[in-house]
Amino acid sequence: MRPVHWHPPTELNAQEQKIVKRIKRAKLFTFLRQYRHQIFDEQFQEELGKLYADSPKGHPPVPPAQLALTTILQAYTGASDAEAIEALIMDRRWQLVVDCIDCEQAPFSQATLARFRTALIIQGLDRRLIERTVELAEQSKGFGSRQLRAALDSSPLWGASKVEDTYNLLGHALKKAIGVISSQQGRGLAEVAKDIGVDMVASSSLKAALDLNWDDPDQKNLALGIVLDALERVETFVQTQPTENEHPLLRSTLETARQIETQDVEVDTNGEVKLRSGVAKERRISVEDEEMRHGRKSRSQKIDGYKRHVLRDLDNGMIRAVGITKANVPEASVTDAITQDLTSQDVELTELHIDRAYLSSTFVKNLSEQLKIYCKAWVVHNGTKFGKTAFVLDWDNHTICCPNKVTLPFTLGGKVQFPPLVCATCPIRESCTSSPRGRSISIHPEEPLFRELRERQLTPIGRAKLRERVCVEHSLSHIGRWQGEQARYVGSRKNLFDLRRVAVVHNLHVLARIFTNTTEPNFASI
């Protein structure tokens, strides 16, 4: 059964006016109370109602507008599902927004809120929450242009699950597998572990149970062999059990243990088992969250988890799109998801401000005439010798001219090698190269763009344009304040949902400033 539309009062009654006067901080509660009926109008409530099956049976579901408002307040305050239900009973600010003042029981249960969140994620309607705030901003300020000027940047988001070394990863996976077996058989964890012959797995600390000298490489290899033997024992035990009773989680957990072994363990020429030197490219660092990865935001800043990306509209300050990527992948990999979000908003990106991490993105690779990229150019280093900028590139004829006026053809993505004999007799050779093979110049596939970026930042106007990107860093700072530096959920999709609802909180603050400067916003045509 589809939910009925929610029609809360628009005017504040006397009791609500008293509550509003007492809210000195956290003004978002007041804003949502004043504009909830415009944010969740009839058309938008109809969209959210599609989350539910159209069945004639059962009781009408809770209006999704109420659940969406609660979800937004969770992002604003950092409240869990249980805390949100408690706040709806105890906190008058929450009651003010959801229209349940002085209620003795919350309008819905914790399970209902969790199911609503899951439905939003499955059907992708969490993205519509961002789009709705953008629609309101465009209508109230008359932003009718479909051309978008935006800035894109990222910040670290540490994973919610525990990061462990190889020994503890294997031990964690085994303990989880034995826990499934003990639950199925109705026995204690320690009892099952003892029957299998892997008592140390049931201990609170695997390393303490092994009781070895962890500073001795031979002892560490011995410990690794013991843990892998325990894995063999558990798998052998599982194979003796009826297959029809096998729990899916048991099989996936044992597969996780084998994945960790494949990535982290090797056998040397003497047949000894030891940890692999170096780190596998897609090394798993957590049992509970398979998508978390080791990564870097910069040379000095390491991340264990994810990166969050934010695209901010430079004209109205709204966040247009967000993205989540694993910490070990390049920032530029998010741009396909960003493009998809913008496509649904029916806008054309005409100006993009980025840092150099995004120069390998599809925005740059598929650069169109309508899109202009603003980015600080890579610094050209060549010691005391002539840099690449000392060579003149003729883009019409595809030729390159050295400081001594020697001209050769070039191709994008290729390498130009000046003849050794020509360089050997060059009067300015000492300032150009010391190689007996002569000077060489690599031409990047995006060399025309890089040249344009370098030339642009040499002018005051160009440098002023580069400074426009700073505003997206401010938005990321606001996002970090509400979302925190650590992920709330396991997995990239749930964390994308969390980032999207935090972006909605950011956009609502922008809307509040817009509405303050707009005497009578008109939403009739949305």
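Residues numbered from 1 in each chain as written. Predicted model: local features only at pLDDT ≥ 70, side-chain atom pairs only at ≥ 80, totals over all residues. Heavy atoms only, no water.

> Explain the environment of histidine 294 here, please?
Following the sequence through the fold, histidine 294 ends up in strand β4 (residues 293–296). Placed 115 residues apart in sequence, histidine 294 and proline 409 show a C-alpha to C-alpha distance of 43 Å. Ignoring anything within four residues of it in the chain, the contact list for histidine 294 reads Val163, Arg283, Ile285, Ile303, Asp304, Ala327 and Asn328. Within the structure, the side chain of histidine 294 is placed 3.4 Å from the side chain of arginine 283, a separation counted as a polar contact. Reaching out from histidine 294, the side chain makes a polar contact with the side chain of aspartate 304 at a distance of 2.6 Å. (Helix = DSSP H or I, 4+ residues; strand = E, 2+ residues; numbered from the N terminus. Contact = heavy atoms within 4.5 Å. Polar contact = N/O pair within 3.5 Å; in protein donor to acceptor, adjacent residues only side chain to side chain.)

> Would you mind showing me how to read helix α2 (residues 28–39) here?
Since the α-helix turns once every 3.6 residues, residues separated by three or four places project in the same direction. Helix length check: α2, at twelve residues, gives a terminal C-alpha distance of 13 Å against a target of 16 Å (1.5 Å per residue), a shortfall beyond 12%. Where burial is concerned, most of α2 is hidden: nine out of the twelve residues are buried. Along α2, the positions that sit buried rather than exposed are Leu28, Phe29, Thr30, Phe31, Leu32, Arg33, Tyr35, Arg36 and Ile39. (Expected span 1.5 Å × (residues − 1). Buried < 20%, exposed > 50% of the residue type's maximum accessible area, 1.4 Å probe, protein only.)

> What is the right way to look at the pattern of salt bridges in this model?
Any two side chains of opposite charge can pair, on the condition that their charged atoms come close. Tallied over the full model, the rule gives 42 salt bridges. A salt bridge links aspartate 81 to arginine 117, with the nearest nitrogen and oxygen atoms 2.8 Å apart. A residue pair is termed long-range when its members are at least 10 positions apart, and aspartate 81 in helix α5 (residues 81–90) and arginine 117 in helix α7 (residues 110–123) qualify at 36 residues. Arginine 117 shares its class with aspartate 81; the two are buried. With its nearest N and O atoms 2.9 Å apart, the salt bridge here joins arginine 293 to glutamate 282. With a gap of eleven residues between them, arginine 293 in strand β4 and glutamate 282 in the loop between β3 (273–275) and β4 connect regions that are remote in the sequence. Taking the relative accessible area as the measure of exposure, glutamate 282 reaches 30% and is therefore partly exposed. Salt bridges sharing common partners tie together Asp41, Glu47, Asp126, Arg127, Arg128, Glu131, Arg132, Glu135, Asp341, Arg493 and Arg500. (Salt bridge = Lys/Arg side-chain N within 4 Å of Asp/Glu carboxyl O.)

> Which parts of the structure should I look at to understand the packing of helix α4 (residues 64–77) against α7?
Two quantities define a packed helix pair, namely the angle between the helix axes and the distance between the axes. Between α4 and α7, whose axes approach to 10 Å, the crossing angle comes to 90°. The angle between α4 and α7 places the two elements in the roughly perpendicular class. Residues Pro64, Leu67, Ala68, Thr70, Thr71 and Gln74 of α4 form the contact with α7, whose own contacting residues are Thr112, Leu113 and Phe116. Classifying every residue of the contact of α4 with α7 gives five nonpolar, four polar and no charged. (Axes fitted to C-alpha atoms, helices over the stretch in contact; angles between N-to-C directions. Parallel < 35°, antiparallel > 145°, perpendicular 65-115°, else oblique. Nonpolar A, V, L, I, M, F, W, Y, C, P; charged D, E, K, R; others polar.)

> Mind showing me how you'd approach unusual backbone geometry here?
Negative phi is the rule for most residues except glycine; trans is the rule for most peptide bonds. Of note in this structure, aspartate 102 is not a glycine but carries a positive phi near 65°. Its location among the elements puts aspartate 102 in the loop between α6 (92–98) and α7. For lysine 405, which is not glycine, the phi dihedral falls at a positive 70°. Mapping lysine 405 onto the fold places it in the loop between β10 (399–401) and β11 (407–409).

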